[in-house]
Amino acid sequence: MSLLRKAALMAAAPALLLAGSVTPAVAEPASPQPPAAGEWVLVAASGDFTAQASWSQSKTWGSTAGTITFTSASGWVKDLASDGYCAQVVIEWFGSNGKYDDDYSGQACPKGDVDSFSKAPGDSSSWTATSYVVWMQKV
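Residues numbered from 1 in each chain as written. Predicted model: local features only at pLDDT ≥ 70, side-chain atom pairs only at ≥ 80, totals over all residues. Heavy atoms only, no water.

Engineer: Explain the state of the cysteines to me, and be specific about the residues and the numbers.
Structural biologist: All told, the structure shown has 1 disulfide when counted by the stated rule. C86 shares a disulfide with C109; S-S distance 2.0 Å. Here the S-S torsion is close to 65°, and the disulfide linking C86 with C109 is therefore right-handed. Placement of C86 in the loop between strand 6 (73-79) and strand 7 (87-94) and of C109 in the loop between strand 8 (100-104) and strand 9 (114-119) is noted, with a sequence separation of 23 residues between them. Residue classification places C86 among the buried positions, given a relative accessible area of 9%. Classification of C109 as partly exposed rests on a relative accessible area of 28%. (Disulfide = S-S within 2.5 Å. Helix = DSSP H or I, 4+ residues; strand = E, 2+ residues; numbered from the N terminus. Buried < 20%, exposed > 50% of the residue type's maximum accessible area, 1.4 Å probe, protein only.)

Engineer: Could you give an account of the sheet that holds strand 5 (residues 62-68), naming the residues involved and the relevant values?
Structural biologist: In space, the 4 strands of this open sheet follow the order 4-5-6-9, with antiparallel pairing throughout. Strands with a single pairing partner mark the edges of an open sheet, and in this sheet they are strand 4 (53-58) and strand 9. Strand-to-strand twist in this sheet, taken as the mean axis angle between neighbours without regard to direction, amounts to 10°. Relative to strand 6, strand 5 runs antiparallel, the two being bridged by 7 bridges. Along strand 6, the bridge assignment pairs S63 with K78. (Pairing = 2+ DSSP bridges. Axes fitted to C-alpha atoms, helices over the stretch in contact; angles between N-to-C directions.)

Right under this line is the structure:
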């Protein structure tokens, strides 16, 4: 992930946290630049969060819903189109002292397939996050 993308995500994240429930203000952020491959949609983000937050997002090609806390995220992603692509969720975790981790759900495809997931920040040793960004991507 580019430094520009990380900086833009961290700057935009606090504005999207709404009373413990995350509802994106816009379907796609203006500043963050997701990778060129596939289509990316910002579905949830927060600055420093203190409670469980939830997300729900749907596009013509996929949908997702889930919940996230300091230490875990769980949810599902579903492929909605017979277009040869899959839908996938990507969670970016940010922690103190520059900690960073990203987690990917399984790819939901073909049309109608649903992938459920449960993730935590840290690969082999879990840690407590201070903020996050959740994306849905078309891959």
